[in-house]
Amino acid sequence: MAALKKPHWITDWKQHAPALGNARLRVGVTGLSRAGKTTFITSLINQLENHQRGLLARRPPFDRLEAVRWQRDGVEQAFAYLDALHALSDNPARWPSSTTDLSRVVIDLRFRQTGLLRRVQPSRSLRIEILDYPGEWLLDLPLLELDYGQWCEQMRDWLELEPRRGLAGPLRDRLLAIDPQAPLDASLLQQLRRDWTDFLQRSRSEAGLSRNQPGRFLLPGSGIAAEMLLFVPLLAGNRHTATGAGSWWAECEARFRYYRDFVVKGFYDEHFSRLDRQILLVDMLSPMDAGQAALSDLKGALEAVLQSFRYGRNSLWRRFWQPRISRLAVCATKVDQVSAEQQRAVQQCLEDLLTDSLSDVRHGGVEVRGFPLAAVRATRQEGDALVAGLQGQTGWVRYQPGSIPTHLPLDLQVDGPELLELRPPPGLHRNEPFPHYRMDELLGWMLEGAAL
Ligand SMILES: Nc1nc2c(ncn2[C@@H]2O[C@H](COP(=O)(O)OP(=O)(O)OP(=O)(O)O)[C@@H](O)[C@H]2O)c(=O)[nH]1
Ligand SMILES: [Mg+2]
């Protein structure tokens with residue numbers, strides 16, 4: 001099963017790298033579904049490959065960068081960089097496809113040494129390793145802290161509140177009506193499982209909700225047998241429910257445990273262990289546009305993710321993170337959708353949303369910095385208006401994005417911006433740096449110290 005495999009892309013480092021003067025930097029790109037991970041990783045490779053021409057050229061340590069090689073041979077499940085480039089440089093340009101499985105990025109950089117060190121060792125290598133994965137998988141992180149009964153209780157609580165209550169409709173009553181001790185009805189379980197997946201899909205697309213569990217119901221990825229994803233929350237059960245063999249409870253609980261202990265834990269062990277730096281990407285503008293419920297759900301989802309950083313007896317930190325992560329970049333993504341002056345406000349709203357979690361992370365000794373980011377800039381500013389192309393069309397629109405508050409109100413009621421479905425800018429090419437906002441600042445900060 002893919003989620004359980006040992007990440008041997010790490011061990012083959014020894015074969016490729018020189019014995020002396022090399023270093024490795026594992027960068028965790030963390031973002032929920034549609035946060036902009038794949039586009040960011042594509043732009044990151046593109047900026048590095050074109051370091052001599054773009055804004056990177058003048059920024060340390062890239063002024064000492066001599067050579068860049070994006071590795072694909074010998075990398076297991078290599079990131080589909082060329083596919084993403086193909087979409088972005090198409091006419092009309094398209095965004096890369098939504099990610100359906102795990103993939104890996106390995107980039108080797110060679111820096112020129114300066115000063116006295118140059119005599120001993122003229123150059124130094126740095127290998128950057130990144131994972132890309134469907135954002136839905138991250139939403140399962142909190143399951144590691146729950147047993148099946150607690151998860152059922154939580155789902156019952158969530159389904160009592162709008163908009164989930166309305167979205168679930170009769171499914172909620174059907175799940176409540178099941179006696180957990182009754183013998184399992186296998187065909188009814190199949191039906192309920194399909195309806196639960198449908199409910200998760202609508203929660204995401206109609207209400208812009210983030211916490212849609214289990215994430216693999218939406219995107220299973222490869223290597224997981226469908227029958228292992230066959231369970232639903234039994235809303236009449238709770239953490240004290242006892243089991244009887246062959247009952248609804250026994251069957252669903254066993255599969256939940258497998259899901260938590262192998263599928264979820266396998267992925268998190270790989271993604272979260274041994275990271276040196278982390279980049280948290282958050283699409284803040286879409287939930288601001290969708291409204292209060294979406295913002296509040298995003299806050300819950302991100303807090304659960306960031307909890308991994310906390311010190312403390314029961315924290316996930318001890319279980320999954322080495323206290324080696326020294327830097328966390330918190331980035332509001334796709335800020336090219338608003339005017340240059342509004343970009344800092346979007347970032348501020350994101351940091352307001354995460355105030356408590358970010359204080360905890362800082363308190364744990366991690367350096368945190370915010371970057372309002374556009375991996376690929378789709379708009380250009382003309383006066384106080386923006387000009388861009390719409391997806392699937394060829395012409396141009398000129399628009400004003402609407403208001404962004406300077407701070408996020410505590411009740412999360414915002415009159416958000418109007419968002420359009422923008423297409424990437426025309427004329428992108430692999431051998432030219434893509435237009436962006438602050439990719440150079442972010443990369444400089446991420447690599448600071450690592451390339452010495
Ligand atoms: N304007 C603008 N839109 C962007 C940018 N990056 C991403 N987008 C939009 O956001 C969508 C999602 O971006 P992805 O990079 O696929 O996001 P992801 O986090 O990889 O999403 P999953 O693979 O579904 O988890 C894209 O299809 C674009 O519509 C950006 O820099 N600027
Ligand atoms: Mg993706």
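Residues numbered from 1 in each chain as written. Chains lettered and ligands numbered in written order. Predicted model: local features only at pLDDT ≥ 70, side-chain atom pairs only at ≥ 80, totals over all residues. Heavy atoms only, no water.

1. Points about the site of ligand 1
Here is step 1 of the chain: Taken together, 21 residues sit near ligand 1, with Lys-37, Thr-39, Ser-98, Gly-135 and Lys-334 positioned nearest.
Here is step 2 of the chain: Between ligand 1 and Arg-34, the relevant distance is 3.0 Å, taken from an oxygen atom to a main-chain nitrogen or oxygen of the residue.
Here is step 3 of the chain: At a separation of 2.9 Å, an oxygen atom of ligand 1 approaches a polar side-chain atom of Thr-99.
Here is step 4 of the chain: Summarising the interface, the protein chains cover 94% of the accessible area of ligand 1, which totals 650 Å² for the free molecule.
Here is step 5 of the chain: Looking at side-chain class alone, the shell around ligand 1 contains 8 nonpolar, 9 polar and 4 charged residues. (Near = heavy atom within 4 Å. Polar contact = N/O pair within 3.5 Å; in protein donor to acceptor, adjacent residues only side chain to side chain. Areas by Shrake-Rupley, 256 points an atom, 1.4 Å probe, with all protein chains shown as cover. Nonpolar A, V, L, I, M, F, W, Y, C, P; charged D, E, K, R; others polar.)

2. What about the confidence of the model for the protein chain?
Here is step 1 of the chain: Mean pLDDT over the protein chain: 88, with 90% of residues reaching 70 or higher.
Here is step 2 of the chain: Contacts from residues 310–314, a stretch scored under 50 in pLDDT, to residues over four places away or in other chains number 10 contacts.
Here is step 3 of the chain: Below pLDDT 50 for its whole length, residues 319–323 participates in 17 contacts with residues either more than four positions away or in separate chains. (pLDDT = per-residue confidence, 0-100. Contact = heavy atoms within 4.5 Å.)

3. Here we look at the pattern of salt bridges
Once the charged atoms of two side chains with opposite charge are near each other, the side chains can pair.
Here is step 1 of the chain: Here the structure, examined in full by the defined rule, presents 26 salt bridges.
Here is step 2 of the chain: Among the salt bridges present, the one from Asp-108 reaches Arg-127, with a minimum N-O distance of 2.7 Å. Here Arg-127 lies in strand β4 (residues 123–132) and Asp-108 lies in strand β3 (residues 103–112), a separation of 19 residues in the sequence.
Here is step 3 of the chain: Under the relative-accessibility criterion, Asp-108 is labelled buried at 13%.
Here is step 4 of the chain: Arg-127 gets classed as buried once you look at its relative accessible area, which sits at 2%.
Here is step 5 of the chain: A salt bridge links Asp-283 to Lys-334, with the nearest nitrogen and oxygen atoms 3.2 Å apart. Of the two residues, Asp-283 is situated in the loop between β5 (277–282) and α12 (285–290) and Lys-334 in the loop between β6 (327–332) and α15 (343–353); the sequence distance between them amounts to 51 residues.
Here is step 6 of the chain: Taking the relative accessible area as the measure of exposure, Asp-283 reaches 11% and is therefore buried.
Here is step 7 of the chain: Overall, the relative accessible area of 27% leaves Lys-334 in the partly exposed class.
Here is step 8 of the chain: Residues joined by salt bridges that share partners form a network here, namely Arg-24, Arg-26 and Glu-129. (Salt bridge = Lys/Arg side-chain N within 4 Å of Asp/Glu carboxyl O. Helix = DSSP H or I, 4+ residues; strand = E, 2+ residues; numbered from the N terminus. Buried < 20%, exposed > 50% of the residue type's maximum accessible area, 1.4 Å probe, protein only.)

4. Some words on the nonpolar core
Here is step 1 of the chain: Counting residues in hydrophobic clusters, the biggest one holds 81 residues, and the most contacted among them are Trp-196, Leu-234, Met-284 and Leu-328.
Here is step 2 of the chain: Here the element with the most residues in this core is helix α11 (residues 248–272); it accounts for 10 residues.
Here is step 3 of the chain: Two domains each donate at least three residues to this core, and these are domain 1 (2–6 + 22–137 + 270–447) and domain 2 (140–263). (Core = buried A, V, L, I, M, F, W, Y, C linked by side-chain atoms within 4.5 Å. Domains from an automatic or database assignment.)

5. A word on the pairing of β5
Here is step 1 of the chain: Among the 6 residues of β5, 6 are classified as buried, and the element is accordingly described as predominantly covered.
Here is step 2 of the chain: Side chains of β5 alternate between two faces, with Arg-277, Ile-279 and Leu-281 and Gln-278, Leu-280 and Val-282 buried alike.
Here is step 3 of the chain: Where β5 lies against β6, 6 bridges are found, and the strand directions are parallel. What sits directly across from Gln-278, in β6, is Leu-328. (Pairing = 2+ DSSP bridges.)

6. Comments concerning α15
Here is step 1 of the chain: Every buried residue of α15 is listed here: Gln-343, Ala-345, Val-346, Gln-347, Cys-349, Leu-350 and Leu-353.
Here is step 2 of the chain: Looking at the buried residues of α15, the elements they touch are β5, α12, α13 (292–306), β6, α16 (355–363) and β7 (367–370).

7. Re the side chain of Asn-50
Here is step 1 of the chain: Inspection of the secondary structure assignment puts Asn-50 in the loop between α3 (37–49) and β2 (65–71).
Here is step 2 of the chain: A relative accessible area of 2% places Asn-50 in the buried class.
Here is step 3 of the chain: A polar contact of 2.8 Å, which involves the side chain of Asn-50, links it to the backbone oxygen of Arg-430.
Here is step 4 of the chain: With sequence-adjacent residues up to four places away left out, Asn-50 is seen in contact with Arg-430, Asn-431, Glu-432 and Pro-433.

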